[in-house]
Amino acid sequence: MNLSNLKLPRDLIQKNGVKMLIYGGAGTGKTRSVITAPRPILLAVEQGLLSLQNENVPVFDIHYNLTPNMNPAERLNKKLANIVEFFDWLERSAEAKQFDTVYIDSISEISTLVLESELPKAKDPRQAYGELADKVLKWVRLLHQLPNKHVAMLCKQEMVNSNNINYYQPSFEGQKLYKEITHLFDEVFRFQPKRFRTPQGMQEFMVCSTKNMQDYLARDKSGKLAEDEQQDISAIINKIMA
């Protein structure tokens with residue numbers, strides 16, 4: 001080691017990109033926010049792309065080569081093989097360098113597919129959940145460590161009751177995945193509707209909430225974001241990296 005190996009945190013952030021975990025209920029703008037990201041590519045694990053039908057966003061659809069004559073097990077295996085194909089391409093292909101932002105829609109659905117694949121193989125369901133955590137975390141860490149790439153990992157939302165308070169958080173199969181993934185990300189955003197006072201009276205807007213609250217999980221370790229930001233991923237990235 002020598003002094004040339006030492007870097008300032010801002011230099012490492014510039015090299016590594018911003019890694020975000022984004023969750024929220026249906027219809028809160030998670031998928032559509034991809035159009036605001038710098039040079040994005042979208043891995044479509046779920047089939048809800050109607051909000052993007054008129055947008056020029058490159059999409060890799062894991063359902064692209066499924067055929068009607070496949071049985072459920074074959075369809076599941078093909079979907080998982082397509083996910084592996086995408087991650088291999090992302091990590092190794094020179095073509096992937098043309099994209100600045102990787103969107104995963106959604107990591108919640110990936111965890112469900114992996115669990116569906118592992119449960120029939122396991123004598124004890126706990127083994128299946130262990131395999132689930134190992135496989136999904138391998139992909140999540142690959143994304144988290146991608147150099148020169150921003151990553152937006154989308155999640156479904158679940159509500160849990162804690163001390164008689166309804167608490168909203170990202171949804172995954174298995175508690176280990178929840179703990180590991182939410183711990184890994186410095187930026188955890190909740191997309192949600194909020195009401196604000198305007199000159200025209202109280203109005204509702206979809207926002208990107210960045211601060212942890214009593215009733216939902218959110219996090220901004222950069223300290224540069226407002227409590228509620230517009231759902232503009234490029235603007236958020238620019239604020240964090242400034």
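The structure under discussion appears in the preceding block.
Residues numbered from 1 in each chain as written. Predicted model: local features only at pLDDT ≥ 70, side-chain atom pairs only at ≥ 80, totals over all residues. Heavy atoms only, no water.

### Overview of the overall build of the chain
Spelled out, the test is: Each helix is a run of DSSP H or I of at least 4 residues and each strand a run of E of at least 2, with the numbering of both proceeding from the N terminus. For the exposure calls, accessible area comes from a 1.4 Å probe over protein chains only, and a residue counts as buried if that area is under 20% of its type's maximum, exposed if over 50%, partly exposed in between. When checking whether two residues touch, look at their non-hydrogen atoms; a contact exists if any pair is within 4.5 Å. Shrake-Rupley sampling with a 1.4 Å probe provides the accessible areas, and residues are treated as covered by the protein chains on show and by no other component. Within this scheme the basic residues Lys and Arg register as positive and the acidic residues Asp and Glu register as negative, but His and the chain ends are omitted. For charged residues, the charge sits on one atom: NZ in Lys, CZ in Arg, CG in Asp, CD in Glu.
For the chain, the count of helices and strands is six helices and ten strands. Counting across all 242 residues of the chain, residues that qualify as buried make up 45%. At a minimum sequence separation of 6, the contacts of the chain that also span at least 24 residues come to 60%. By element, 49% of the accessible surface of the chain is carried by carbon and sulfur atoms, the whole surface being about 13300 Å². Across the chain, the mean location of the 31 positive side-chain charges is 4 Å away from that of the 29 negative side-chain charges.

### Description of the environment of Tyr-167
As a reminder, the rule being used: A 3.5 Å cut-off defines polar contacts: any pair of N or O atoms within that distance qualifies, except that in protein one atom must be a possible hydrogen donor and the other a possible acceptor, and neighbouring residues in sequence count only when both atoms are side-chain atoms.
With respect to the helices, strands and loops of the structure, Tyr-167 is situated in strand E6 (residues 165–171). Residue classification places Tyr-167 among the buried residues on the basis of a relative accessible area of 18%. Along the chain, Tyr-167 and Leu-49 lie 118 residues apart, while their C-alpha atoms are 28 Å from each other. What Tyr-167 contacts, discounting residues up to four positions off in sequence, is Glu-158, Met-159, Val-160, Asn-212, Met-213, Gln-214, Asp-215, Tyr-216 and Leu-217. At a separation of 3.5 Å, a polar atom in the side chain of Tyr-167 contacts the main-chain amide nitrogen of Leu-217.

### Focus: helix H6 (residues 233–241)
Test applied: The arc refers to the directions leading from the helix axis to the C-beta atoms.
Taken together, the buried positions of H6 are Ile-233, Ile-236, Ile-237, Ile-240 and Met-241. The arc that holds every buried residue of H6, seen down its axis, measures 120°, which confines them to one face.

### A short note on the packing of aromatic side chains
Quick note on the threshold: Each Phe, Tyr or Trp ring, with Trp reduced to its six-membered ring, pairs with another whose centre is within 6.5 Å; inter-plane angles below 30 degrees give stacked pairs, above 60 give edge-to-face pairs, and intermediate values give tilted ones. We call a charge positioned above a ring when the Lys NZ or Arg CZ atom is no farther than 6 Å from the ring centre and deviates by at most 35 degrees from the ring normal.
Applying the stated criterion to the full structure yields seven aromatic pairs. Three or more aromatic residues joined by ring pairs form one cluster here, namely Phe-60, Tyr-64, Phe-86, Phe-87, Trp-89, Phe-99 and Trp-139. We note Arg-190 situated over the ring of Tyr-168; from NZ or CZ to the ring centre the distance is 4.5 Å.

### Some details on the pattern of salt bridges
When charged atoms on two side chains of opposite charge get close, those side chains can pair. Test applied: Whenever a carboxyl oxygen of Asp or Glu lies within 4 Å of a side-chain nitrogen of Lys or Arg, that contact is scored as a salt bridge.
Enumeration according to the criterion identifies 14 salt bridges in this entry. Arg-92 is paired through a salt bridge with Glu-91; the nearest N and O atoms lie 3.6 Å apart. Note that Arg-126 and Asp-124 form a salt bridge whose closest N and O atoms lie 2.6 Å from each other. Take Asp-124: its relative accessible area is 24%, and that puts it in the partly exposed class.

No statement about biological role is implied by the geometric values presented.
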